[in-house]
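Structural features, examined
Residues per chain, in single letters:
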Amino acid sequence: MSPRRLVWNDTERRPRAPVRLLFTPVVVVLVALVVGLGIAQTVSSLLATSTFTSVTVNVVSAGSTGLGGLVVARYIDRRTVTDLGFGLDRDWVIDLGFGLVLGAALMAAIFLVGLATDWIAVVDVGFGADRLTGVASLLALFIVVGISEELLLRGVVLTDIAEGLRWRVSVRTAATVGLVVSAAVFGLIHLMNPNSSLASTLSITLAGIMLGLGYVLSGDLAIPTGIHISWNFAQGGLFGFSVSGLDFGTSLVETTEQGPDVVTGGAFGPEAGLLGVGAIIVGMACIAWYVRARYGELRFDPGVTVPELRWEE
């Protein structure tokens, strides 16, 4: 094989999967630095220091990560928006709704189990204007984070791995490898968060498998995007838990953990404890049930391994 063929796929008119994966973090970091930091600094200089300003800067930073993923997908992967898992139609909206309900329900179950066992206690409940404004800002943040991270980790990383392996192994094996690797990357990224540990990293990796499962079973990012948004929002904006180690300081319900950290997750939040792990496992079962009930079968969608390229449109 010539050196050119090692890095370039003539049939698909784009770099080969390993090359695309190597370009991904470089492009994402560059876009985040140029666009994200530039806009964030502008916002910080124009607005007074406040919770709203902090959340706005976080929204911009998270959005720049998603923008970097979109640049990779369209101009290096050369894939269509639909092939990224964002084929917005009636079925996509229904699946998104299921994901939103499931993510919120799982976090509500963690809250209720914690209350019933005295592992979690309610400190305060409030609906004042300042608190509602802060919670609304968090909703905006988690919408952007959910879309950006799903586009990048499932829409780009998982898919590139699965596409790269599709000629060598079965669809199921290719999708499984992409699912596990992208989940591991998801876990390692959160290792940089405050109060992280080996336990939190493993738990977030498991959450990445849950989110990826929604993608590989349905072929779209609607289910994982919905779960990602509502899980984070219910966790931080409704019930006052830390979100992957981050305490945003505003929620409708303020809570405190009273149980052992191995159960509650401690300062990192429920995701690092057995309550979070249990909810993730239940979430996987619910996703499998939903896909089977809605689409009549339970299989890894072959569309995850077959690209729809822009130049073929």
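Everything numeric in this text was worked out from a predicted model, so none of it was measured.

Quick word on helix α4 (residues 90-116)
The end-to-end C-alpha distance of α4 is 39 Å, a good match for the 39 Å that 27 residues give at a rise of 1.5 Å each. If you check which residues of α4 are buried, you get W92, D95, F98, G99, L102, G103, L106, M107, I110, F111 and G114. Looking at the packing, one finds that the buried side of α4 touches β3 (120-125), α7 (198-218), α8 (222-238), β4 (253-257) and α10 (274-295). At the N-terminal end of α4, a side-chain oxygen is found 3.3 Å from the backbone nitrogen of D91, two or three residues along, and the residue is D89. Where α4 ends, the next residue or the one after it, D118, has phi of about 65°, a positive value.

Some points on the UniProt feature "domain: CAAX prenyl protease 2/Lysostaphin resistance protein A-like" (unreviewed entry) in the protein
Here, UniProt's "domain: CAAX prenyl protease 2/Lysostaphin resistance protein A-like" (unreviewed entry) annotation points to residues 135-233. Along residues 135-233, the helical share is 84% and the strand share 0%, with 9 Å between the first and last C-alpha atoms.

Regarding the pattern of salt bridges
A pair can form between side chains of opposite charge whenever their charged atoms are brought close. By the definition in use, this model includes 15 salt bridges. Residue E12 is joined to R14 by a salt bridge in which the shortest nitrogen-to-oxygen separation is 2.8 Å. Exposure remark for R14: the relative accessible area of 0% places this residue in the buried category. Three or more residues joined by partner-sharing salt bridges are found here, namely E12, R14, R20, D77, R79, D83, D160, E163 and R166.

Topic: the nonpolar core
Among the nonpolar cores identified, the biggest contains 52 residues, and M107, M210, V216, I223, I227, W231 and I287 are the most heavily contacted of them. When contributions to this core are tallied by element, the ones reaching two or more residues are α2 (17-46), α3 (51-75), α4, α5 (129-165), α6 (171-189), α7, α8 and α10. Among the elements that line this core, the one with the most residues is α7, at eight residues. Aside from chain neighbours lying at most four places away, what touches M210 is L106, I227, I280, G283, M284 and I287.

Here's the deal with the UniProt feature "transmembrane region" (unreviewed entry) in the protein
The UniProt record annotates "transmembrane region" (unreviewed entry) at residues 21-40, 52-72, 92-115, 135-157, 169-192, 198-217, 229-252 and 272-291. Across residues 135-157, helical content stands at 100% and strand content at 0%; the span's end C-alpha atoms are separated by 31 Å.

Examining the packing of α4 against α8
Relative to each other, α4 and α8 sit at 35°, their axes nearing to 7 Å. As α4 packs across α8, the resulting crossing turns out to be right-handed. Two secondary-structure elements touch here, α4 through W92, D95, L96, F98, G99, L100, L102, G103, A104, L106, M107 and I110 and α8 through A222, I223, T225, G226, I227, I229, S230, W231, A234 and Q235. For the contact of α4 with α8, the residue count by class is 15 nonpolar, six polar and one charged.

Remarks on α10
Helix length check: α10, at 22 residues, gives a terminal C-alpha distance of 32 Å against a target of 32 Å (1.5 Å per residue), a fit within 8%. For α10, the complete set of buried residues consists of L275, G276, A279, I280, G283, M284, I287, Y290 and V291. Buried residues belonging to α10 abut α4, β3, α7, α8 and α9 (261-264). Phi turns positive one or two residues past the end of α10, at G296, with a value near 85°.

Considerations on the packing of aromatic side chains
Counted according to the given criterion, the structure contains five aromatic pairs. Measuring from ring centre to ring centre gives 5.9 Å for F86 and W92, while their planes differ by 45°; the resulting arrangement is tilted. The exposure classification of F86 matches that of W92, with both residues buried. Geometrically, the ring pair formed by F142 and F248 is edge-to-face, given 5.6 Å between the ring centres and 90° between the ring planes.

Reading guide: rules and limits
- Residues numbered from 1 in each chain as written.
- Predicted model: local features only at pLDDT ≥ 70, side-chain atom pairs only at ≥ 80, totals over all residues.
- Heavy atoms only, no water.
- Helix = DSSP H or I, 4+ residues; strand = E, 2+ residues; numbered from the N terminus.
- Expected span 1.5 Å × (residues − 1).
- Buried < 20%, exposed > 50% of the residue type's maximum accessible area, 1.4 Å probe, protein only.
- Contact = heavy atoms within 4.5 Å.
- Polar contact = N/O pair within 3.5 Å; in protein donor to acceptor, adjacent residues only side chain to side chain.
- UniProt positions renumbered as here; feature names shortened; annotations may be inferred.
- Salt bridge = Lys/Arg side-chain N within 4 Å of Asp/Glu carboxyl O.
- Core = buried A, V, L, I, M, F, W, Y, C linked by side-chain atoms within 4.5 Å.
- Axes fitted to C-alpha atoms, helices over the stretch in contact; angles between N-to-C directions.
- Left-handed = near helix turned anticlockwise from the far one by under 90°.
- Nonpolar A, V, L, I, M, F, W, Y, C, P; charged D, E, K, R; others polar.
- Phe/Tyr/Trp six-rings, centres within 6.5 Å; stacked < 30°, edge-to-face > 60°.

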